[in-house]
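# Examining the three-dimensional arrangement
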Protein chains: 6
Amino acid sequence: MNRHIAELAGPTLASRITKDSIVVIPTGAIEHHGPHLPLVTDVLLAEAVGSAAVERAAEEGLEVWQLPTLAYTKSDEHSWALGTVWLDAETVFRTVVEVGRAVELMGAGTLVFVNGHGGNVALLQVALREIRKRFGLKTFLMPSLAPAAPPAGEGLDEHGLGIHGGAAETSLVLHLRPDLVDLSLAERWVPEHLADFGLIGFNGRPVSFGWLSNDFGTPGVVGDPTQATAEYGRVLWEASVEQAVASLREISRFEHARARVAAGPLPA
Amino acid sequence: MNRHIAELAGPTLASRITKDSIVVIPTGAIEHHGPHLPLVTDVLLAEAVGSAAVERAAEEGLEVWQLPTLAYTKSDEHSWALGTVWLDAETVFRTVVEVGRAVELMGAGTLVFVNGHGGNVALLQVALREIRKRFGLKTFLMPSLAPAAPPAGEGLDEHGLGIHGGAAETSLVLHLRPDLVDLSLAERWVPEHLADFGLIGFNGRPVSFGWLSNDFGTPGVVGDPTQATAEYGRVLWEASVEQAVASLREISRFEHARARVAAGPLPA
Amino acid sequence: MNRHIAELAGPTLASRITKDSIVVIPTGAIEHHGPHLPLVTDVLLAEAVGSAAVERAAEEGLEVWQLPTLAYTKSDEHSWALGTVWLDAETVFRTVVEVGRAVELMGAGTLVFVNGHGGNVALLQVALREIRKRFGLKTFLMPSLAPAAPPAGEGLDEHGLGIHGGAAETSLVLHLRPDLVDLSLAERWVPEHLADFGLIGFNGRPVSFGWLSNDFGTPGVVGDPTQATAEYGRVLWEASVEQAVASLREISRFEHARARVAAGPLPA
Amino acid sequence: MNRHIAELAGPTLASRITKDSIVVIPTGAIEHHGPHLPLVTDVLLAEAVGSAAVERAAEEGLEVWQLPTLAYTKSDEHSWALGTVWLDAETVFRTVVEVGRAVELMGAGTLVFVNGHGGNVALLQVALREIRKRFGLKTFLMPSLAPAAPPAGEGLDEHGLGIHGGAAETSLVLHLRPDLVDLSLAERWVPEHLADFGLIGFNGRPVSFGWLSNDFGTPGVVGDPTQATAEYGRVLWEASVEQAVASLREISRFEHARARVAAGPLPA
Amino acid sequence: MNRHIAELAGPTLASRITKDSIVVIPTGAIEHHGPHLPLVTDVLLAEAVGSAAVERAAEEGLEVWQLPTLAYTKSDEHSWALGTVWLDAETVFRTVVEVGRAVELMGAGTLVFVNGHGGNVALLQVALREIRKRFGLKTFLMPSLAPAAPPAGEGLDEHGLGIHGGAAETSLVLHLRPDLVDLSLAERWVPEHLADFGLIGFNGRPVSFGWLSNDFGTPGVVGDPTQATAEYGRVLWEASVEQAVASLREISRFEHARARVAAGPLPA
Amino acid sequence: MNRHIAELAGPTLASRITKDSIVVIPTGAIEHHGPHLPLVTDVLLAEAVGSAAVERAAEEGLEVWQLPTLAYTKSDEHSWALGTVWLDAETVFRTVVEVGRAVELMGAGTLVFVNGHGGNVALLQVALREIRKRFGLKTFLMPSLAPAAPPAGEGLDEHGLGIHGGAAETSLVLHLRPDLVDLSLAERWVPEHLADFGLIGFNGRPVSFGWLSNDFGTPGVVGDPTQATAEYGRVLWEASVEQAVASLREISRFEHARARVAAGPLPA
């Protein structure tokens with residue numbers, strides 16, 4: 001069954017979309033990814049993973065649907081670089097909140113962003129609450145890319161700092177669209193000195209910091225694309241799609257409160 | 001040569017994009033088009049015509065390039081209908097102006113919207129001036145759909161009122177994606193009484209009027225899709241792509257002032 | 001009867017304004033019109049035509065009323081020129097939408113902008129829909145100036161490019177306020193090369209373009225005021241008022257849907 | 001000499017407007033003033049006083065000029081009443097700041113609002129600073145109405161609470177446009193109990209309070225129009241124009257700092 | 001009883017806050033006050049006077065409560081000076097209106113700003129009406145500082161121009177926090193020439209003017225802090241707290257309309 | 001030395017604040033924390049930890065300074081609950097960005113938010129980048145509360161779900177302000193079913209979700225305050241201040257790029 005909402009006629013939705021329906025929107029970016037990767041990298045990954053996950057989840061019987069990808073998003077950390085098409089934070093926020101408004105009106109109960117661009121995460125988290133509060137939807141944000149160990153025999157030496165145009169993203173594009181990668185231009189740009197900080201860091205560290213992609217003394221790449229391989233891309237692809245499907249499974253049974261149907265009072 | 005900017009690496013643009021470059025962005029809509037056409041109709045037409053025109057124009061030697069389509073736009077006249085994903089006027093305006101900002105920074109001199117949704121026209125016209133004023137780009141707006149007479153033997157009886165989901169749009173989708181059309185659900189919904197007005201009207205009349213698509217006592221369709229045929233779609237397709245290419249030709253030689261190079265004073 | 005709403009006491013409106021009432025607001029501009037015409041030109045024409053049309057229409061029995069003119073509007077294409085007082089697009093949009101809010105609350109059913117400044121057209125068209133959607137009013141936009149052939153014996157050689165400070169506007173001000181015109185300073189500034197474009201153009205062409213009034217290599221005039229005469233002004237005045245009255249007649253009987261009163265279902 | 005800037009051709013300003021020029025803009029309101037006064041009252045008074053003051057001041061040799069009146073302003077305290085056309089605070093603020101931008105660009109050094117509507121005062125005071133800060137203009141706000149004692153033999157018993165539609169405003173309209181007043185509908189609506197408060201009050205009291213015009217248990221009038229006379233109107237008119245002219249005289253010699261020309265250091 | 005709302009548990013409010021409750025919020029500023037006073041001066045005074053007044057008023061049995069102070073406000077007239085932390089007018093407006101929204105939801109009927117910074121007055125006056133209109137609260141604005149004559153034997157020679165960092169503010173900080181004052185750096189900066197203007201002036205004059213604190217040819221001080229004494233500070237403190245308490249007494253019995261309980265019609 | 005910037009005179013900053021200065025602003029919230037904790041909880045913790053950390057860090061020789069706390073922030077997830085004073089996301093964003101603007105102008109090079117309210121985290125992360133981009137500051141966000149194991153003999157059974165009003169926050173307030181805690185009203189409200197989800201979760205999980213604090217079928221508490229003890233509060237206090245000081249140490253030596261001083265090219 002076609003799970004692309006946009007390819008249906010509007011009146012058809014009345015019989016297809018219900019409060020149990022989960023609407024997935026990939027969010028990418030058109031932004032600088034170094035000399036070896038295309039500007040469309042984040043769109044490509046978000047859309048590929050999102051579509052594959054929706055397809056597999058639908059085959060499993062989940063009530064998942066897909067809307068067109070948001071290609072232009074909040075890429076202000078790369079605005080210094082040729083080719084980045086960034087929108088202001090407020091513009092992206094308005095866009096996703098207004099999309100949420102329409103998703104509620106089409107009858108769905110859940111909205112999921114499958115996001116390929118790290119620079120969108122914090123803003124989309126703000127939007128998750130805003131959309132829930134204003135329109136009552138359940139809202140979720142998941143990354144398009146899941147972590148995975150490289151294949152046996154391959155090492156990975158990025159100190160956990162391969163966050164933009166590094167081994168993982170490059171491998172995935174090699175897997176999906178090798179024609180868009182020019183590995184001959186890939187260079188290692190790992191800000192290794194950041195590993196000296198125990199509290200400050202990109203993710204999962206207690207102290208966040210503001211950065212632009214040209215802050216690191218690198219050409220806007222943070223990671224080591226020279227370690228990328230199509231085989232690692234395949235591994236990452238499988239891990240990413242599988243995590244996305246697993247996430248949709250959890251989402252489909254997620255309730256904020258313990259139980260809608262449970263009798264009796266909540267425990268003290 | 002690949003004319004999709006997003007599929008290039010950012011640094012590559014330095015040697016490809018110049019002030020003579022013309023950047024084309026299709027603008028569509030995800031909105032109700034009646035029971036017989038998909039929500040994606042306007043996106044489909046804008047993207048298909050835009051891409052085909054860029055390809056042909058590039059083959060002719062024009063410096064044309066393409067950026068990803070804006071799918072979600074100003075569809076507030078259909079917001080009452082299931083499946084329409086509309087953004088507020090201000091959100092769309094911010095988006096296109098900020099895209100213009102990025103296009104100027106990537107070095108291009110001209111920005112062209114190939115627009116598939118009539119509800120965007122006035123707002124994009126406002127944006128043409130704003131982008132020109134703020135970023136100095138030459139800016140243009142062209143429709144994806146050009147008028148064409150039906151093939152010999154076919155009549156067309158819409159009184160010029162087939163503006164949304166009517167014979168033309170339906171024929172074009174029949175030509176491009178017949179799997180997305182269900183002609184069995186098509187019905188004639190022509191607000192014929194509007195033809196009684198000599199001054200008030202949709203286009204080219206001196207008096208404009210505000211309307212929502214459910215104002216007309218119809219199910220959100222204005223036109224007669226029952227007159228659609230794949231053959232008329234083919235005719236329209238050729239006319240539309242040809243007009244788009246011809247427009248790009250004119251754009252490529254367009255100067256606001258008489259001459260950059262002419263010596264001497266302007267005539268009095 | 002006094003049709004100036006602002007000259008009535010508020011409580012009086014309860015017995016005068018009904019859903020059948022048509023409220024007319026002239027919209028002008030304070031902007032550069034060349035060395036021969038006053039900044040107030042567009043205000044003058046919109047207000048004169050609007051008032052005369054309301055008066056004549058009222059005499060015919062139409063339920064028309066007038067509100068004070070908006071003098072400062074969206075003149076950003078002339079902001080480079082001394083004396084232009086332009087507002088940002090958003091400011092004008094907010095203003096007219098909020099005026100629409102008040103018109104709905106005073107009980108009227110229809111709001112009409114009689115507009116003297118071409119730079120307002122696209123923005124006001126966006127507002128027509130917004131006001132209709134938010135406040136339920138019927139909304140219309142008409143130009144203050146109607147086209148007319150020059151009197152016998154006079155030619156007109158502007159190639160259809162006399163859009164700002166040209167023969168028509170100058171003639172009308174000569175007719176209405178000759179003390180404000182200095183024809184000795186009038187010069188011909190027709191960007192004749194624009195006539196070479198078949199698709200790109202100011203009005204009624206398929207391809208719109210963004211422009212500022214100093215783009216054309218002229219001193220902010222587009223047209224040939226040297227061809228202006230008071231006699232042509234008189235002809236234009238009559239044509240303009242007549243078209244405005246005729247438009248009000250159509251507006252007074254305009255229904256979006258076929259019929260409020262018609263029995264039976266809409267046709268399939 | 002014509003002091004209406006809008007009636008001049010733009011290029012003329014280059015030789016007329018200098019940093020010493022004082023630009024006056026009347027600001028009124030279209031709002032409920034009770035059953036006896038027209039909606040246009042505040043526009044009428046601001047424009048009449050402003051114009052008369054400009055004319056007299058110009059005759060004295062002051063470099064004063066006038067721009068068209070802002071009719072629609074911040075009348076939200078009367079928005080409950082038929083006929084009030086109010087704009088939001090932000091809309092009015094944007095408008096006057098953007099007008100200030102244009103006044104600076106036309107070369108003037110000073111901008112003066114002659115204001116007929118009390119509900120604008122606080123917002124315009126915020127704007128005075130904003131315009132000074134952003135555009136460097138000297139900015140002033142003066143009321144159109146000056147206080148004056150009634151003629152001998154007439155008493156005034158409003159407890160200083162005649163702030164809207166009371167004796168003063170009604171008398172002035174009787175003086176200027178008696179055809180717009182219907183004294184037979186005037187009633188006394190003085191919230192006398194407010195005089196019991198020593199600290200809270202409308203003007204000049206240390207404690208301000210928020211109010212809407214229907215808060216007072218009256219029909220939106222605060223004052224006693226039954227005490228209005230044309231003769232008192234004449235007295236007020238002279239006092240108001242004289243105060244406005246005297247204010248323009250002070251403005252024309254006003255310097256924030258002690259002296260531009262004084263030699264030597266500022267005193268400690 | 002603790003009158004600091006923020007120190008209560010939320011559910012407790014249900015039994016404490018009613019429509020008769022008066023919520024007081026001090027509003028200060030972090031801004032330049034010359035070389036002799038701390039940036040926190042206005043916060044210090046607003047919070048000290050506000051707290052003392054709430055305490056005394058509560059002891060008298062008034063239903064007064066306090067919320068945390070707004071420290072950062074509209075100090076744009078001092079933004080040129082090191083250490084000023086100013087917010088834009090719109091940001092402050094949004095903040096206080098949204099605080100008003102929450103105060104209404106917690107069940108109170110009255111909101112009072114005790115304001116220590118003159119630059120906030122006009123904006124807060126706009127907000128008083130906005131909050132009343134949107135949320136129905138009674139709203140008030142009072143200054144933290146009341147005027148008082150200096151003690152016997154002390155003169156005051158500021159010509160009424162001691163509005164920022166002058167004798168009064170300096171004396172009060174000397175009284176409350178002498179450790180934060182360095183009188184050895186205090187200098188007299190009185191723009192005495194302003195006293196020559198009879199109509200233009202800071203307060204209570206008919207003509208307002210826009211100013212920045214560096215307009216006066218002084219180092220951002222307007223007044224004569226060399227005349228400050230701790231004893232005058234004590235006098236001002238008592239006067240200020242007493243006026244604030246007296247204001248709260250009036251506020252607690254204030255009704256816009258004559259009487260909620262009075263029988264019979266309002267007088268004509 | 002006094003590290004409270006607001007207690008200094010503005011001109012003093014010229015000799016104290018340099019690009020090496022680190023400015024710390026605590027950010028709290030006035031929001032519902034259940035029946036046992038005060039609304040001020042997050043302000044209390046952010047301010048106490050922030051102040052203690054600044055003091056200790058200054059004693060160590062770090063160039064740290066403190067600005068007044070932002071008490072009202074983004075608490076929209078608790079807006080349903082009495083006493084919550086929440087600001088809209090845009091208002092908080094504007095506020096912190098404008099504070100950043102002032103911090104840059106006072107000469108500092110680094111801005112640090114010590115944040116006591118989880119609901120601010122994503123929005124402040126967006127602001128970190130915005131402030132860095134617009135004003136060039138280094139920007140950081142750290143939590144006021146650090147994790148710590150309970151003292152020996154105490155267990156903790158919150159499944160990692162004690163995020164609002166649970167054992168940790170309650171213990172800390174018991175340690176700092178026991179007079180503001182009423183443990184007799186504390187109840188366990190742990191949404192244990194959320195522990196069943198492996199991918200969806202509050203922190204550190206790949207899938208974020210939107211929630212309001214009344215979504216969980218609990219009274220706005222998420223955690224088990226009955227497990228709180230003053231002794232655990234003491235442990236948490238030490239851990240939190242220590243982590244904050246350690247964070248400031250890292251911040252004081254943090255460079256985005258490898259080295260300002262290093263000679264030679266960056267490695268390829």
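Look above for the structure.
Summarised in this report is the structure supplied together with it. (Residues numbered from 1 in each chain as written. Chains lettered and ligands numbered in written order. Predicted model: local features only at pLDDT ≥ 70, side-chain atom pairs only at ≥ 80, totals over all residues. Heavy atoms only, no water.)

### Quick look at the packing of helix H3 (residues 89-105) of chain A against helix H3 (residues 89-105) of chain B
With their axes 9 Å apart at the nearest point, H3(A) and H3(B) run at an angle of 135 degrees to one another. On the basis of their axis angle, the class for H3(A) and H3(B) is oblique. As H3(A) packs across H3(B), the resulting crossing turns out to be left-handed. Residues Glu90(A), Thr91(A), Arg94(A), Thr95(A) and Glu98(A) of H3(A) pack against Glu90(B), Thr91(B), Arg94(B), Thr95(B) and Glu98(B) of H3(B). Here the residues of the contact of H3(A) with H3(B) sort into no nonpolar, four polar and six charged. (Axes fitted to C-alpha atoms, helices over the stretch in contact; angles between N-to-C directions. Helix = DSSP H or I, 4+ residues; strand = E, 2+ residues; numbered from the N terminus. Parallel < 35°, antiparallel > 145°, perpendicular 65-115°, else oblique. Left-handed = near helix turned anticlockwise from the far one by under 90°. Contact = heavy atoms within 4.5 Å. Nonpolar A, V, L, I, M, F, W, Y, C, P; charged D, E, K, R; others polar.)

### Observations regarding the relation of the copies chain F and chain A
With an axial shift of 0.0 Å and an RMSD of 0.0 Å, the rotation relating chain F to chain A amounts to 180 degrees. Here the transformation between the copies is reduced to the relation of a two-fold axis. No C-alpha of chain F lies nearer the rotation axis than that of Ala122(F), which sits 2.3 Å from it. Comparing interface residues between copies, 100% of those in chain F also lie at the interface in chain A; the contact surface is shared. (Least-squares fit on C-alpha atoms with pLDDT ≥ 70 in both.)

### Description of the interface of chain F and chain A
Each side of the interface is counted separately: chain F has 58 residues, and chain A has 58 residues. Where chain F abuts chain A, roughly 5200 Å² becomes buried across the two surfaces, and 58% of that area is made up of carbon and sulfur atoms. Contact with chain A buries surface across chain F, with Arg129(F), Lys133(F) and His256(F) losing the most and accounting together for 14% of the total. Taken together, the links from chain F to chain A amount to four salt bridges. Arg132(A) is paired through a salt bridge with Asp215(F); the nearest N and O atoms lie 2.5 Å apart. (Buried area = accessible area lost by both parts, 1.4 Å probe. Salt bridge = Lys/Arg side-chain N within 4 Å of Asp/Glu carboxyl O.)

### Focus: the packing of helix H2 (residues 41-59) of chain A against helix H5 (residues 167-176) of chain A
Residue and element names in this part refer to chain A. With their axes 11 Å apart at the nearest point, H2 and H5 run at an angle of 65 degrees to one another. With respect to H5, the axis of H2 lies roughly perpendicular. Regarding H2 and H5, the two cross each other, and that crossing is left-handed. Two secondary-structure elements touch here, H2 through Thr41, Asp42, Leu44, Leu45 and Ala48 and H5 through Glu169, Leu172, Val173 and Leu176. Each residue belonging to the contact of H2 with H5 can be placed in one class, and the counts come to six nonpolar, one polar and two charged.

### A few points about the interface of chain C and chain B
Listed by partner, the interface residues are 58 residues for chain C and 58 residues for chain B. For the pairing of chain C and chain B, the buried interface totals around 5200 Å² over both sides, and the portion due to carbon and sulfur atoms is 58%. Applying the counting criterion to the chain C and chain B interface returns four salt bridges. Taken together, the links from chain C to chain B amount to 34 residue pairs in polar contact (both at pLDDT 80 or more). Within the residue set of the side of chain C that touches chain B, elements represented by two or more residues are helix H3 (89-105), helix H4 (121-135), strand S4 (138-143), strand S5 (208-209) and helix H6 (230-252) of chain C. Per element, the largest residue contribution to the side of chain C that touches chain B is nine residues, and it comes from H4(C). By residue class, the composition of the side of chain C that touches chain B is 29 nonpolar, 13 polar and 16 charged. Where strand S5 (residues 208-209) of chain B and S4(C) come together, two bridges link them in antiparallel fashion. Following the sheet pairing, Ser208(B) is matched in S4(C) by Leu141(C). (Polar contact = N/O pair within 3.5 Å; in protein donor to acceptor, adjacent residues only side chain to side chain. Pairing = 2+ DSSP bridges.)

### Brief notes about the side chain of Ser21(E)
With respect to the helices and strands, the residue Ser21(E) is situated in the loop between helix H1 (13-16) and strand S1 (22-27). Not counting residues within four places of it along the chain, the set of residues in contact with Ser21(E) comprises Arg16(E), Glu63(E), Trp65(E), Ala108(E), Gly109(E) and Thr110(E).

### A short note on the packing of aromatic side chains
Two measures describe an aromatic ring pair: the distance that separates the ring centres and the angle between the ring planes. Summed over the entire model, instances satisfying the criterion amount to 46 aromatic pairs over all chains. For the ring pair Phe202(D) and Phe216(D), a centre distance of 5.8 Å and an interplane angle of 65 degrees mean the geometry is edge-to-face. Placement of the pair is Phe202(D) in the loop between helix H5 (167-176) and strand S5 (208-209) and Phe216(D) in the loop between S5 and helix H6 (230-252), with a sequence separation of 14 residues. Grouped by ring-pair contacts, the aromatic residues Phe140(A), Phe254(A), Phe197(F), Phe202(F), Phe209(F), Trp211(F) and Phe216(F) constitute a single cluster. Seen from the ring of Trp211(D), Arg129(E) lies directly overhead, with NZ or CZ sitting 4.5 Å from the centre. (Phe/Tyr/Trp six-rings, centres within 6.5 Å; stacked < 30°, edge-to-face > 60°. Lys NZ or Arg CZ within 6 Å of the ring centre and 35° of its normal.)

### Notes on empty space enclosed by the protein
One way to see where empty space is left: roll a probe the size of a water molecule over the atoms. Scanning the model with the defined rule gives four cavities of 30 Å³ or more in all. The space that makes up the largest cavity amounts to roughly 160 Å³. Around the largest cavity sit 13 residues that line it, and Leu70(C), Tyr72(C), Thr95(C), Leu70(D) and Tyr72(D) are the ones nearest its centre. Looking at side-chain class alone, the lining of the largest cavity contains nine nonpolar, four polar and no charged residues. (1 Å grid on protein atoms, 1.4 Å probe; cavity = no way out; pocket = protein on both sides within 12 Å on 5 of 7 lines; lining within 4 Å. Points joined across faces, edges and corners; volume = space filled by probe spheres on them.)

### Section: the sheet that holds S5(D)
With mixed pairing, five strands are arranged side by side in an open sheet as S5(D)-S4(E)-S3(E)-S1(E)-S2(E). Lying at the two open borders of the sheet, with one neighbouring strand each, are S5 of chain D together with strand S2 (64-66) of chain E. Against the sheet, helix H3 (residues 89-105) of chain E contacts S1 and strand S3 (110-115) of chain E, and its axis sits at roughly 140 degrees relative to S3(E). Contacts between helix H6 (residues 230-252) of chain E and the sheet are confined to S1, S2, S3 and strand S4 (138-143) of chain E, with S4(E) contributing the most and set at about 165 degrees to the helix.

### With respect to the pairing of S4(C)
Both faces of the sheet carry side chains from a regular strand, because those side chains alternate between them. With five of its six residues buried, S4(C) lies for the most part within the structure. For the handedness criterion, the β-α-β arrangement of strand S3 (residues 110-115) of chain C, H4(C) and S4(C) is classed as right-handed. (Buried < 20%, exposed > 50% of the residue type's maximum accessible area, 1.4 Å probe, protein only. Right-handed = clockwise from strand over helix to strand, strands pointing away.)

### A word on the environment of Leu156(F)
All names here are of chain F. Here Leu156 is to be found in the loop between strand S4 (138-143) and helix H5 (167-176). Under the relative-accessibility criterion, Leu156 is labelled partly exposed at 38%. It is 17 Å that separates the C-alpha atoms of Leu156 and Leu194, two residues lying 38 residues apart in sequence. Contacts of Leu156, omitting those with residues within four sequence positions, involve Pro150, Ala167, Gln227 and Tyr232.

### A word on the pattern of salt bridges
Applying the stated rule across the entire model yields 101 salt bridges over all chains. A salt bridge links Glu255(A) to Lys138(A), with the nearest nitrogen and oxygen atoms 3.4 Å apart. Placement of Glu255(A) in the segment after helix H6 (230-252) and of Lys138(A) in strand S4 (residues 138-143) is noted, with a sequence separation of 117 residues between them. Looking at Lys138(A), the relative accessible area reads 17%, which means it is buried. Across the salt bridge formed by Arg188(D) and Asp224(D), the nearest N and O atoms sit 2.7 Å from each other. A residue pair is termed long-range when its members are at least 10 positions apart, and Arg188(D) in the loop between H5 and S5 and Asp224(D) in the loop between S5 and H6 qualify at 36 residues. When salt bridges that share partners are traced, they join Glu90(A), Arg94(A), Glu90(B) and Arg94(B) into one network.

### Concerning the sheet that holds S4(C)
Strand order across the open sheet formed by five strands is S5(B)-S4(C)-S3(C)-S1(C)-S2(C), with mixed pairing between neighbours. Where the open sheet ends on each side, the last strands, each with one partner, are S5 of chain B together with strand S2 (64-66) of chain C. Against the sheet, helix H2 (residues 41-59) of chain C touches strand S1 (22-27), S2 and S3 of chain C, its axis set at about 150 degrees to S2(C). On top of the sheet, H3(C) reaches S1 and S3 of chain C; it is set at about 145 degrees to S3(C), its chief contact.

### Looking at the nonpolar core
Ranked by internal contacts, the top residues of the largest apolar core, which has 528 residues, are Leu248(A), Leu248(B), Leu248(C), Leu248(D), Leu248(E) and Leu248(F). Residues in contact with Leu248(F), not counting those within four places in the same chain, are Ile22(F), Val24(F), Ala53(F), Val54(F), Ala57(F), Leu62(F), Val64(F), Val112(F) and Met142(F). (Core = buried A, V, L, I, M, F, W, Y, C linked by side-chain atoms within 4.5 Å.)

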